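Reading the structure
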Amino acid sequence: MSTDRYTSPLSERYASKEMQYIFSPEMKFKTWRQLWIALAKTERELGLDITEEQIAQLEAHKDDINFETAKEREKLVRHDVMSHVYAYGVQCPKAKGIIHLGATSCYVGDNTDIIIMDKALKLVRAKLVNVIDELAKFADTYKDLPTLAFTHFQPAQPTTVGKRATLWLQEFLMDLEDLTYVLGHVLSTMKLLGSKGTTGTQASFLELFDGDQEKVDRLDPLIAQKMGFDSCYAVSGQTYSRKVDTRVANVLAGIAASAYKMSNDIRLLQHLKEVEEPFEKNQIGSSAMAYKRNPMRSERIGSLA
């Protein structure tokens, strides 16, 4: 790990290994190459002069990304996509002339963003289901254990520990419903940008296919199929609609709010010695007061929320 430059705690301390990989440079640039292969295969199927040998060479180097070559090239041309087109071409000399043919930068950039969001949301769903499962077990285990409940954080009437946990559980179940809607509706209707060109008119592809509109119409569906999606957006500018981003962000904000409710309750209850976070054998609670049992997990949840 580099110690002489900024690193984000979002990845260093908070993110799982699985999520770190989804948002990693390796995942990003491997997806770029998969998209370039899908484009080349589709253009060949539709009649452009692209050979099987060229595609085979692209596939042979789809995973061994020469990052340093791309990095050095970007110092010269100041363009990330064209730097990686060049680096891929260095590895695939017979195919370098057909990499990214007719496409604009958003072909790889925006399509990859959608693919990453798809994978990330599915990982969030898996982890959310695990949280719900563990909370359900906890609630059932302590359903008969009485405890004092509070309103306005003032002593009120008795409840049980299990009942209290169901309040957290219910919030996460509502989030799962929302997330299922996004995955089942938004992501099932979430489409790739496709190959729309610089302003969404596909003008470059009409030129490549000598004005054959029928072939251009087939371009996007074939690319989407190769990348595991049902379709591409019918219209766009250079980018996909950022409305997609707000839908995803809204669901994540809901999960964060539920997690914050639970973590804040735990922090208050730990102060009252009613519940307590796990405290490991060698854990230090405070630099000045080692005996302290700071609710560090709840605090991290709160900061993320």
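Right above here is the structure, for reference.
First, a word on what this report is: a plain description of the structure on this page.

1. Re the overall build of the chain
For the chain, the count of helices and strands is 12 helices and 2 strands. When its helices and strands are written in sequence order, the chain yields α-α-α-α-α-α-α-β-β-α-α-α-α-α. Computed over its C-alpha atoms, the radius of gyration of the chain comes to 25 Å, more than 25% above the 19 Å expected for a compact globule of 305 residues. Dimensions along the principal axes, computed over C-alpha positions, put the chain at roughly 80 × 45 × 30 Å. Out of the 305 residues belonging to the chain, those deemed buried represent 39%. A separation threshold of at least 6 residues defines the contact pool for the chain, and within that pool the share at least 24 residues apart is 70%.

2. Some thoughts on the pattern of salt bridges
Under the criterion given, the structure shown has 20 salt bridges. Its salt-bridge partner being Glu53, residue Lys94 comes within 2.6 Å of it at the nearest N-O pair. Residue Lys94 is located in the loop between α6 (80-91) and α7 (105-141), and its partner Glu53 is located in helix α4 (residues 52-60); the two are separated by 41 residues in the primary sequence. Of the charged contacts, one joins Glu274 and Arg164 as a salt bridge, the two residues approaching to 3.1 Å between their closest N and O atoms. Note that Glu274 is positioned in the loop between α11 (243-271) and α12 (296-304) and Arg164 in helix α8 (residues 161-189), a separation of 110 residues in sequence. You can call Glu274 partly exposed: its relative accessible area is 28%. It is possible to trace a salt-bridge network through shared partners that takes in Asp133, Glu134 and Lys137.

3. Observations regarding the packing of aromatic side chains
Here the structure, examined in full by the defined rule, presents 6 aromatic pairs. Their ring planes at 70° and their centres at 5.9 Å tell us that Phe29 and Phe67 sit as a pair that is edge-to-face. Within this pair, whereas Phe29 is found in helix α3 (residues 25-45), its partner Phe67 is found in helix α5 (residues 67-77), the two being separated by 38 residues in sequence. Among the residues examined, Phe67 registers a relative accessible area of 34% and is labelled partly exposed. Members of the aromatic cluster, connected to one another through ring pairs, are Phe29, Trp32, Trp36, Phe67 and Tyr88. Its guanidinium or amino end placed over the ring of Tyr86, Arg73 lies 4.1 Å from that ring's centre, counting from NZ or CZ.

4. Overview of a nonpolar patch on the surface
A contiguous nonpolar surface patch, about 290 Å² in accessible area, is contributed by Leu10, Tyr14 and Leu304. Turning to its location among the elements, Tyr14 is positioned in helix α1 (residues 9-14). Take Tyr14: its relative accessible area is 30%, and that puts it in the partly exposed class.

5. Details of unusual backbone geometry
Although it is not a glycine, Phe153 adopts a positive phi angle of roughly 60°. Inspection of the secondary structure puts Phe153 in the loop between β1 (146-151) and β2 (154-160). The class for Phe153 is partly exposed, based on a relative accessible area of 37%. Phi is positive for Gln202, close to 60°, though the residue is something other than glycine. Inspection of the secondary structure assignment puts Gln202 in the loop between α8 and α9 (203-208).

6. Side note on the packing of α3 against α6
Two elements in contact, α3 and α6, have axes separated by 12 Å at closest approach and are oriented at 70°. Between α3 and α6, the angle falls in the class roughly perpendicular. Across the interface between the two elements, Phe29, Trp32, Arg33, Trp36 and Ile37 from α3 touch Asp80, Val81, His84, Val85, Ala87, Tyr88 and Gln91 from α6. Each residue belonging to the contact of α3 with α6 can be placed in one class, and the counts come to 8 nonpolar, 2 polar and 2 charged.

7. Considerations on the nonpolar core
In this structure, Trp36, Leu58, Tyr107, Ile114, Leu179 and Leu192 are the most contacted members of the largest nonpolar core, which totals 71 residues. Broken down by element, this core gets its largest block of residues, 15 residues, from α7. Those residues in contact with Tyr107, other than ones at most four positions away along the chain, are Leu35, Trp36, Ala38, Leu39, Gly194, Ser195 and Ile223.

8. Describing the pairing of β2
Pairing of β1 with β2 involves 5 bridges; the strand directions are antiparallel. In the strand pairing of β2, Thr147 is matched with Thr159. What sits between β1 and β2 in their antiparallel hairpin is a turn of 2 residues, with His152 showing a positive phi close to 60°.

9. Here we look at the side chain of Ser236
Tracing the sequence through the fold places Ser236 in the loop between α10 (213-226) and α11. Ser236 sits in the buried class, given a relative accessible area of 19%. Once you skip the residues sitting within four places of it in the chain, Ser236 turns out to touch Leu193, Lys196, Thr199 and Gly200.

10. With respect to the packing of α11 against α12
Two elements in contact, α11 and α12, have axes separated by 9 Å at closest approach and are oriented at 145°. The handedness of the crossing between α11 and α12 comes out as left-handed. Note on element contacts: α12 touches α11 through Ser298, Glu299, Ile301 and Gly302, opposite Ala259, Tyr260, Ser263, Ile266 and Arg267. Across the contact of α11 with α12, the residue classes tally to 4 nonpolar, 3 polar and 2 charged.

The rules behind the values
- Residues numbered from 1 in each chain as written.
- Predicted model: local features only at pLDDT ≥ 70, side-chain atom pairs only at ≥ 80, totals over all residues.
- Heavy atoms only, no water.
- Helix = DSSP H or I, 4+ residues; strand = E, 2+ residues; numbered from the N terminus.
- Rg over C-alpha atoms; globule rule 2.2 N^0.38 Å.
- Buried < 20%, exposed > 50% of the residue type's maximum accessible area, 1.4 Å probe, protein only.
- Contact = heavy atoms within 4.5 Å.
- Salt bridge = Lys/Arg side-chain N within 4 Å of Asp/Glu carboxyl O.
- Phe/Tyr/Trp six-rings, centres within 6.5 Å; stacked < 30°, edge-to-face > 60°.
- Lys NZ or Arg CZ within 6 Å of the ring centre and 35° of its normal.
- Patch = residues over 30% accessible without salt bridge, like charges linked within 9 Å, V, L, I, M, F, W, Y side chains within 5 Å.
- Areas by Shrake-Rupley, 256 points an atom, 1.4 Å probe, with all protein chains shown as cover.
- Axes fitted to C-alpha atoms, helices over the stretch in contact; angles between N-to-C directions.
- Parallel < 35°, antiparallel > 145°, perpendicular 65-115°, else oblique.
- Nonpolar A, V, L, I, M, F, W, Y, C, P; charged D, E, K, R; others polar.
- Core = buried A, V, L, I, M, F, W, Y, C linked by side-chain atoms within 4.5 Å.
- Pairing = 2+ DSSP bridges.
- Left-handed = near helix turned anticlockwise from the far one by under 90°.

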